[in-house]
Amino acid sequence: EDQVTQSPEALRLQEGESSSLNCSYTVSGLRGLFWYRQDPGKGPEFLFTLYSAGEEKEKERLKATLTKKESFLHITAPKPEDSATYLCAVQAYDSGNTPLVFGKGTRLSVIA
Amino acid sequence: NAGVTQTPKFRVLKTGQSMTLLCAQDMNHEYMYWYRQDPGMGLRLIHYSVGEGTTAKGEVPDGYNVSRLKKQNFLLGLESAAPSQTSVYFCASSSQRSPLHFGNGTRLTVT
């Protein structure tokens, strides 16, 4: 069974204090690992897709990395507007389209 | 460009009542999904569809039915609502070349 575990559940940072969120996964064969951002009262918003170990992607203050067992979302010098819940999901490789399996998320608060 | 639109945004039902949640996407995506999100449980897949006229069960399908008569629409039905179905429901769509795009959710309370 495909599983995704995110840690920590919640993280509180001071503005400018860099940190990382962790996503550990087990999947029969990884087709892709996805990061989403979710603001209160909204649907998740796509951030990144990673396909193979060693791959990295960046967007503004966010950088996602991938190994064979986990992914990290690094947040450099965060600002209050980075406060949100960050979701990780995996998609198993299949001949068809396999639905994503999501972790429970990390709730990030950045304090000015 | 609306993306994924869910109606209604909010609904309160009494136990035993029925309702249908509507999801519409304008991106010509093949795949559509219904998730529910509960505190501490994350997003859990209810049903999904890989194309017009097809549906499949997800992780938590009991108590729900779905239909995809048109490519752009995916309906989620509750035939006899229960308090355990109080949740936030998200619809999403995707294609082979596009990641999941979510709607902004329907907040359902069953009393």
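For every chain, the first residue of the written sequence is number 1, and numbering continues from 1 along that sequence. Here every chain gets a letter starting at A, and every ligand a number starting at 1, in the order they are written. In keeping with the model being predicted, local features are shown solely for residues with a pLDDT of at least 70 and side-chain atom pairs are shown and tallied solely at 80 or more, while totals for entire chains, interfaces and linings include all residues. Based on all heavy atoms of the structure, the side-chain values leave hydrogens and waters out of the count.

Peer 1: Let's hear about the sheet that holds strand β3 (residues 19-26) of chain A: which residues, and what values?
Peer 2: Residue and element names in this part refer to chain A. The antiparallel open sheet is built from five strands, whose spatial order is β1-β3-β8-β7-β6. Edge positions in the sheet fall to β1 (3-7) and β6 (56-59), since each of these pairs with one other strand and no more. When strand polarity is set aside, the average angle formed by the axes of neighbouring strands in this sheet is 15 degrees. Pairing of β3 with strand β8 (residues 70-75) involves six bridges; the strand directions are antiparallel. Counted as the bridge partner of Leu-21 is Leu-73 from β8. Each pair of strands is called paired provided DSSP finds at least two bridges between the two strands. Each helix is a run of H or I in the DSSP string that is no shorter than four residues. Each strand is a run of E no shorter than two, and both are numbered from the N terminus. Axes here refer to lines fitted to C-alpha atoms; in helices the fit is confined to the stretch in contact. Angles between the N-to-C directions go from 0 to 180 degrees.

Peer 1: Run through the sheet that holds strand β1 (residues 4-7) of chain B, naming residues and quoting values.
Peer 2: All names here are of chain B. Pairing in this open sheet of four strands is antiparallel, and the strands run β1-β3-β8-β7 from one edge to the other. This sheet does not close on itself; its edge strands, each paired only once, are β1 and β7 (65-67). The mean angle between the axes of side-by-side strands here comes to 20 degrees, regardless of whether they run parallel or antiparallel. The pairing of strand β3 (residues 19-25) with strand β8 (residues 73-78) spans six bridges and is antiparallel. Counted as the bridge partner of Met-19 is Leu-78 from β8.

Peer 1: Can you lay out the interface of chain A and chain B for me, pointing to particular residues and giving the numbers?
Peer 2: Across the boundary between the two partners, chain A contributes 16 residues, which contact 19 residues of chain B. Buried area, as used here, totals the accessible surface that two parts lose on assembly, with accessibility defined by a 1.4 Å probe and the loss added over both. On the chain A side of the interface with chain B, the three residues burying the most area are Asn-97, Pro-99 and Phe-102 of chain A, jointly 35% of the side's total. Salt bridges are defined as contacts in which a side-chain nitrogen from Lys or Arg sits within 4 Å of a carboxyl oxygen from Asp or Glu. The interface formed by chain A and chain B holds zero salt bridges in total. Under this definition, polar contacts are N or O atom pairs within 3.5 Å; protein pairs additionally need one hydrogen-donor-capable and one acceptor-capable atom, and for neighbouring residues in sequence, both atoms have to be side-chain atoms. Taken together, the links from chain A to chain B amount to seven residue pairs in polar contact (both at pLDDT 80 or more). The element best represented in the side of chain A that touches chain B is strand β4 (residues 30-38) of chain A, accounting for four residues. Taken together, the residues that form the side of chain A that touches chain B break down as eight nonpolar, five polar and three charged. Only heavy atoms enter the contact rule, under which two residues are in contact if any of them lie within 4.5 Å. Just so you know the grouping, Ala, Val, Leu, Ile, Met, Phe, Trp, Tyr, Cys and Pro go in nonpolar, Asp, Glu, Lys and Arg go in charged, and all remaining residues, Gly too, go in polar.

Peer 1: Give a description of the pattern of salt bridges that names residues and reports values.
Peer 2: Residues and elements named next belong to chain B. Under the counting rule described, the total for this entry stands at six salt bridges over all chains. Between Asp-38 and Arg-36 there is a salt bridge, with the nearest N and O atoms lying 2.8 Å from each other. With respect to class, Asp-38 is no different from Arg-36; both count as buried. A network of salt bridges, in which partner residues are shared, links Arg-36, Asp-38 and Arg-44. Any residue under 20% of the maximum accessible area for its type is buried, any over 50% is exposed, and the rest in between are partly exposed; the area is computed with a 1.4 Å probe on protein chains only.

Peer 1: An account of the state of the cysteines is needed here, citing residue identities and associated values.
Peer 2: Between two cysteines, a covalent bond joining their sulfur atoms is known as a disulfide. The disulfide criterion is simple: two cysteine sulfur atoms within 2.5 Å. Tallying each qualifying case throughout the model produces two disulfides over all chains. A sulfur-sulfur distance of 1.9 Å marks the disulfide that ties Cys-23 of chain A to Cys-88 of chain A. When the S-S torsion is -65 degrees, as for the bridge of Cys-23 of chain A with Cys-88 of chain A, the disulfide is left-handed. With a gap of 65 residues between them, Cys-23 of chain A in strand β3 and Cys-88 of chain A in strand β9 (residues 84-92) connect regions that are remote in the sequence. Of the two residues examined, Cys-23 of chain A and Cys-88 of chain A, each falls in the buried class. The partner cysteine of Cys-23 of chain B in its disulfide is Cys-91 of chain B, sulfur to sulfur 1.9 Å. When the S-S torsion is -75 degrees, as for the bridge of Cys-23 of chain B with Cys-91 of chain B, the disulfide is left-handed. Pair noted here: Cys-23 of chain B is in strand β3 and Cys-91 of chain B is in strand β9 (residues 87-95), with a separation of 68 residues, a long-range link. The pair formed by Cys-23 of chain B and Cys-91 of chain B is uniform in burial state, with each residue classed as buried.

Peer 1: Can you tell me about the pairing of β4 of chain A, naming the residues and giving the values?
Peer 2: All names here are of chain A. In terms of residue burial, β4 counts as a mostly covered element, since seven of its nine residues are buried. The pairing of β4 with β9 spans eight bridges and is antiparallel. Bridge assignment links Gln-38 to a residue of β9, and that residue is Thr-85. Pairing of β4 with strand β5 (residues 45-50), which is carried by five bridges, proceeds in the antiparallel orientation. Opposite Leu-33, over in β5, you have Leu-50 as the bridge partner. Between the end of β4 and the start of β5, which pair antiparallel, lie six residues, with Gly-41 showing a positive phi angle near 80 degrees.

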